[in-house]
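Examining the three-dimensional arrangement
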Amino acid sequence: DGGITQSPKYLFRKEGQNVTLSCEQNLNHDAMYWYRQDPGQGLRLIYYSQIVNDFQKGDIAEGYSVSREKKESFPLTVTSAQKNPTAFYLCASSSNRDRVWGTDTQYFGPGTRLTVL
Amino acid sequence: GNSVTQMEGPVTLSEEAFLTINCTYTATGYPSLFWYVQYPGEGLQLLLKATKADDKGSNKGFEATYRKETTSFHLEKGSVQVSDSAVYFCALKDRGSTLGRLYFGRGTQLTVWP
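Because the structure is a prediction, the values reported are computed rather than measured.

Parameters and conventions
- Residues numbered from 1 in each chain as written.
- Chains lettered and ligands numbered in written order.
- Predicted model: local features only at pLDDT ≥ 70, side-chain atom pairs only at ≥ 80, totals over all residues.
- Heavy atoms only, no water.
- Disulfide = S-S within 2.5 Å.
- Helix = DSSP H or I, 4+ residues; strand = E, 2+ residues; numbered from the N terminus.
- Buried < 20%, exposed > 50% of the residue type's maximum accessible area, 1.4 Å probe, protein only.

Describing the state of the cysteines
Applying the stated criterion across every chain, the model contains two disulfides over all chains. Across the disulfide from Cys23(A) sits Cys91(A); the S-S distance is 1.9 Å. On the S-S bond that ties Cys23(A) to Cys91(A), the torsion sits near -70°, and the link is left-handed. Pair noted here: Cys23(A) is in strand β3 (residues 19-25) and Cys91(A) is in strand β9 (residues 87-94), with a separation of 68 residues, a long-range link. Given a relative accessible area of 0%, Cys23(A) falls into the buried group. Owing to a relative accessible area of 0%, Cys91(A) belongs among the buried residues under this scheme. Paired by a disulfide, Cys23(B) and Cys90(B) hold their sulfur atoms 2.0 Å apart. Between Cys23(B) and Cys90(B), the S-S torsion sits near -70°, and that sign places the bridge as left-handed. Of the two residues, Cys23(B) is situated in strand β4 (residues 23-26) and Cys90(B) in strand β10 (residues 86-94); the sequence distance between them amounts to 67 residues.

Below, the structure is given as structure tokens:
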């Protein structure tokens with residue numbers, strides 16, 4: 001089955017530690033995205049990548065880092081510089097081929113819930 | 001800039017009631033519009049979409065019409081079920097941008113009672 005997998009589902013971190021969230025897709029999509037979800041705030045874009053070895057900051061990139069070494073993978077590292085990292089993190093991907101009409105659908109993974117202890 | 005405003009929740013309805021969730025947008029270009037649904041503890045799933053003015057997206061009994069004159073994309077369903085309980089997000093994609101990112105509203109929590 002094609003789709004997006006995120007691991008782990010739940011993650012606990014001590015203050016001052018870096019932690020990496022995994023996102024893998026087998027949809028052959030070029031573009032991948034990381035969002036953060038907090039209660040009542042909707043989804044906010046952290047980073048996105050349109051192609052391998054390239055990525056751009058989103059609206060709330062401070063305290064986060066990413067890499068895109070393979071088309072299928074887009075891991076997110078939450079660093080100790082992120083002041084309030086407890087949140088639900090969602091990864092998404094899209095083909096981004098229909099740029100004229102913008103009909104490409106973003107597909108989402110099941111999410112990782114990060115809690116800082 | 002680009003932004004989406006949704007009616008605030010939570011919305012609580014009895015089964016078989018009519019549902020409307022309001023969504024209005026501001027866009028720098030000509031956007032495509034989407035409704036996503038999120039069930040508890042899960043990621044988002046696309047519910048429906050519309051790419052040009054007067055298009056109607058529909059799926060699972062839900063409908064939304066792209067109204068350019070009122071910059072709106074309200075979600076409706078004639079008869080809700082308990083299984084429709086979820087959070088609903090309105091989103092737009094700026095077709096003038098090659099970046100493909102979505103701009104989301106804050107989400108509206110819907111609870112349907114039997």
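Okay, back to it.
Observations regarding unusual backbone geometry
For the peptide bond that leads from Ser7(A) to Pro8(A), omega is -5°, which places it in the cis range. For Pro8(A), the position within the fold is in the loop between β1 (4-7) and β2 (10-13). Cis geometry marks the peptide bond from Gly9(B) to Pro10(B), where omega comes out at -5°. With respect to the element layout, Pro10(B) can be found in the loop between β1 (3-6) and β2 (11-14). Despite not being glycine, Thr71(B) shows a phi value in the positive range, around 45°. Topologically, Thr71(B) is positioned in the loop between β8 (62-65) and β9 (75-77).

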